[in-house]
Amino acid sequence: MEILFQQIVSGLATGGIYGSVALALVMIYQATDVVNYAQGEMAMFSTYLAWSMMNAGVPYWAAFFGTLVVSFVGGLLIERIVIRPVEGKPVLTIVIVCIGLLVIFNSVAGWIYSYIQKPFPSPFPPRPIMLGTVVFGAHDVGAIVVTLIVLAFLYAFFRYTTLGLAMRAAAQNPASSRLCGIRVGWMLAIGWGLAAMVGAVAGMMVAPIVFLDPNMMAGILIYAFASATLGGFTSPGGAVIGGLIVGVIENIVGTYVSFIGTELKLTVALAVILVVLVFKPSGLFGRPAVHRV
Amino acid sequence: MSARVRLGLLLVLLAIAVALPLFVSNFRLFQFTQVATYAIALLGLNMLTGYNGQISLGHGAFYALGAYTAAIMIDKWNVPYALTLPVAGLLCLVAGFLFGIPALRLEGLYLALATFALALAVPQILKYFEDWTGGSQGIVLSKPKPPWGLAITPDQWLYFFTLAVMLVLFFLARNLLAGRTGRAIVAIRDNPTAAQAMGINTPLYKSLTFGVSAGYTGVAGALSALTIAFVAPDTFNVFLSITFLVGIVIGGLASISGAILGGFFIQFVPNWAQDISKAAPWAIYGVFLILTMYVMPFGIAGTARLLMARRLRRAGTARAG
Amino acid sequence: MRQRSWMFVLLMALTLAGIVPATADTPGVTATEIKIGHTNPYSGNASAYGTIGKVEAAYFRMINEQGGVNGRKINFVTYDDGYSPPKTVEMVRKLLEQDQVAFLFNTLGTPTNSAIHKYMNDQKVPQLFVATGATKWGDPKGHPWTMGWQPTYQAEAKIYAAYVMKNVPNAKIGILYQNDDYGKDYLKGFKDGLAAANASKAIVLEQSYEVTDPTVDSQVVNLKNSGANVFFNITTPKFASQAIKKAHDIGWKPLHLLNNVSASVGAVLKPAGLEASKDLITALYLKDPTDPQWKNDQGYKDWLAFMKKYYPDGNTDDVSNVFGYTVAQGLVQVLKQCGNDLSRENVMKQAASLKDLSLPMLLPGIKVNTSPTDFYPIEQEQLAKFDGERWVLFGEVYDASKK
């Protein structure tokens, strides 16, 4: 029983990370109809920036928030400078630009910081928490809490602030929004900035567990896609829940389905998602797209 | 461009392609054979994504299936290599069709991600069935030898063989896409509801397109197994599927010539990037990608088509080209 | 021999006169230069090994500044294959057919080398000192042009199996392995070693992971819960750090055997935590650069000076940089032994004639030995235990060549 509980908690912790990255993906998708393939690499790069700051002596929380600011600005600038020239072009064209960003960030990070992994500090104490015989790290719990805080912040932002309202309007109906005086282009840019920020948080939460190296986010991005697909690309909350579910399923399958064992762990996790899609084609919490005829 | 001019151009290109072995080294021929192989795979993907509007991020899976089909047939049962191509193609056609059926329920983005999941699972599945696939060790093959005692090198033979297969498949695709079927396929992409209302059996066409698209990519996979003479699971990873997508977008969606252009791009541009910068070659490649999309947002073939259409309009001719 | 030298001189004269292309006899070899080909993963999943190519390039630069080998400078041509076999095939064909290199040196990776294995032997070009521990490279009869370098994974795993059998009564073994040829090779060697002692049942749980997985935490938790008191850790550096840290975090203290591939103090143990890495056991054949016992060792001092001058960006805590340095020295020895005959046959012949070659960064007592029937240059290793600061060698030097 404890094993089950242990695996569930571990799964929730990694799932929280998947969920955060999935959240960033969904945010950009909702605002721009584009899936940002470079989300993982941007998060990785933000984490390296944080590492550089800490390496230069900046204390953890100062570096953390400093990175959030830099990531926000970075994401905004990327949207304005790199994505803007292809705004309005076919979706796949924009996707290729995102893929271009992906390889650029990955390659530049490897060039600047080398490919040797680096340890990344965690703000939570290394003391393990014991619940009976189940052991889990304070960081695991802390990461889940941080993810939820970020989600709550975003929810409040979009629901209760004018800027949030303007952004939602710009995403849903750009033409009418412009007529209301909303600067749609800048709303998109802010959307990217926020997503970059969320990604940076995810990166800084996951790096203490998986160690910082340029390929750190590749595996996580894959699971983030799975999470967003499972939860539904039209639902930020769904993305996070999708992440948690994926994290837990992955661990449970690896532990309990013994004839499959770990050599098909990924396959089974993906198969589960595919099965869900057959019954709920827009994900668990997604709204099916409605097309005007 | 008039049909005559187009035919003339095609013949010239064909002549160059056939004469190529006289001018270039075996190594370059090897690279061009790869280009032709990619072109077939990209045409397959283009049929599905460009012409039919179903985005697939998982065609690497069919490429792998085709490659391993060929490899296993040659390695285990000594099947002549030429026979492995139709078998690989047929197997992938069936697999693609079967995958296409549940995929009918999925919309754009979710379909893309479902196929992405498929591509992700491929290396693991290949490694799991190691009695068949040789597991992580992979399968080593021998390069096909020129038949009938022809006095050419194996590389030259393989080049001609691949070129011939490519021409046949391209010809078939062109006929398919230029006729009623092609129009139905495109209609489904542009307006599924209207297409259905006009009496097109949308689900059938969509699934069939998936199947044919997978079949083409499977044949390409089989050819690549012959050319590289080696298959290993981790080669067929997610990045391969993404590379195919890059190929068709850069080449030009819904364009047959775009498939060949895309093939050239994904084969040669990473090498050029390495020549430019040893330190961060993929950053250069990424810059290439982005700049190409800025300058030619509809791909090379797509943009060429646009320019030509513009020229025609300006010249005042009202021909449909 | 005289006649041959005369012919050679004549050939060179004609070459300089532009009449005969230099590539006529021995590709990649001229009177002033020898061109060597190399592929390495400078990008992609295995890019951490890219430093090996860089340190080798730096070493050859140093040799060239000191006058080269027998008057010839080494032209080291290296390409990125991203650890992808089709790319390796392409780059190797480019090296051989376009760049016309004399031979290949220290190409990295098992699937990548597998892809070119047949080609190299068909073309009769040396595939020298491949950077992988797979057992299949030492096959002079079947593949006379391919030679390994480092102790094989299977031999190393057998050492661990023997150690466990000797020192742990009632062993319950849990294994974490990377699901690819490298991981499976170690696994096979270990299982063979146990089977020889009739102890196959000692394995209570095997857990695998993919290189694309983000973490191995879940697997480590399962291994602890299986009740294993021995942990055989077959992981590459990034995952090794994760596994060591997780085991420590959940309070699991088995006899922890770490494979040599991830035994770098700087790259693996320090990030995982030196305290968490205490009592780890591994098999070594190279001097670890963070070990203070080598501080005044001449070999170490020379290596450090070399790193500072020729590869200042390189991590002096990373044993990969010792690996590359050492195998490059091995190559220079082979070239020296070739003298003026740098034909491919002779290069292979000299590579198969290394007798008790002592290289400065090999552990004391470990020597390089090859013969026409022995294509495993290094077969000796010694066990070491990590004391929280460094690897402390103990026990005898195992020699896999003496069964």
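Everything numeric here is computed off the predicted structure, so don't read it as measured data. (Residues numbered from 1 in each chain as written. Chains lettered and ligands numbered in written order. Predicted model: local features only at pLDDT ≥ 70, side-chain atom pairs only at ≥ 80, totals over all residues.)

Caption draft 1: View of the overall build of chain B. A tally of helices and strands in chain B yields 14 helices and 2 strands. For 321 residues, the compact-globule formula gives about 20 Å, and the C-alpha radius of gyration of chain B, at 20 Å, lands near that figure. The principal-axis extent of the C-alpha atoms belonging to chain B is close to 60 × 50 × 45 Å. Buried positions account for 53% of the 321 residues belonging to chain B. Long-range contacts, defined as pairs at least 24 residues apart, comprise 76% of the intrachain contacts of chain B with a sequence gap of at least 6. (Helix = DSSP H or I, 4+ residues; strand = E, 2+ residues; numbered from the N terminus. Rg over C-alpha atoms; globule rule 2.2 N^0.38 Å. Buried ≥ 20, exposed ≤ 12 C-beta atoms within 10 Å, placed from the backbone. Contact = placed C-beta atoms within 7 Å.)

Caption draft 2: Looking closely at the pairing of strand 7 (residues 230–234) of chain C. All names here are of chain C. Judged by how many residues are buried, strand 7 sits mostly within the fold: 5 of 5 residues are covered. Here strand 7 pairs with strand 8 (residues 255–258) via 4 bridges, running parallel. When the bridges of strand 8 are listed, Val-230 appears paired with Leu-255. A crossover connection joins strand 7 to the parallel strand 8 through helix 8 (residues 237–249); in handedness this β-α-β unit is right-handed. (Pairing = 2+ DSSP bridges. Right-handed = clockwise from strand over helix to strand, strands pointing away.)

Caption draft 3: Quick look at the sheet that holds strand 4 (residues 127–128) of chain C. Strands sit in the order 2-1-3-4 (chain C) across an open sheet of 4 strands; the sheet is parallel. Two strands in the sheet have a free side with no partner beyond their single neighbour: strand 2 (73–80) and strand 4 of chain C.

Caption draft 4: Representation of the pairing of strand 9 (residues 281–284) of chain C. Residue and element names in this part refer to chain C. Of the two faces of strand 9, both are covered, the one formed by Ile-281 and Ala-283 as well as the one formed by Thr-282 and Leu-284. Sheet topology note: the strand 9/strand 10 (residues 380–386) ladder contains 4 bridges and is antiparallel. Opposite Ala-283, over in strand 10, you have Leu-383 as the bridge partner.

Caption draft 5: Representation of the packing of helix 6 (residues 162–172) of chain A against helix 8 (residues 184–210) of chain A. All names here are of chain A. Their axes nearest at 9 Å, the elements helix 6 and helix 8 cross at an angle of 110°. The orientation of helix 6 relative to helix 8 falls into the category roughly perpendicular. On helix 8, the residues that touch Ala-166, Met-167 and Ala-170 of helix 6 are Val-184, Met-187, Leu-188, Ile-190 and Gly-191. By residue class, the composition of the contact of helix 6 with helix 8 is 7 nonpolar, 1 polar and no charged. (Axes fitted to C-alpha atoms, helices over the stretch in contact; angles between N-to-C directions. Parallel < 35°, antiparallel > 145°, perpendicular 65-115°, else oblique. Nonpolar A, V, L, I, M, F, W, Y, C, P; charged D, E, K, R; others polar.)

Caption draft 6: Looking closely at unusual backbone geometry. For B:Trp148, which is not glycine, the phi torsion reads 55° and is therefore positive. Among the structural elements, B:Trp148 can be located in the loop between strand 1 (139–140) and helix 7 (154–178). At C:Phe129, a position not held by glycine, the phi torsion is positive, near 55°. Note on placement: C:Phe129 falls in the loop between strand 4 and helix 5 (153–167).

Caption draft 7: Geometry of the interface of chain A and chain B. Contact residues are listed per partner, giving 36 residues for chain A and 34 residues for chain B. The greatest single-element share of the side of chain A that touches chain B, amounting to 13 residues, is contributed by helix 4 (residues 91–113) of chain A. Residues belonging to the side of chain A that touches chain B are distributed by class as follows: 27 nonpolar, 7 polar and 2 charged.

Caption draft 8: Quick look at helix 2 (residues 39–55) of chain A. For helix 2 of chain A, with 17 residues, the first-to-last C-alpha span of 24 Å sits near the 24 Å given by 1.5 Å per residue. Most of helix 2 of chain A is tucked away: 13 of the 17 residues are buried. (Expected span 1.5 Å × (residues − 1).)

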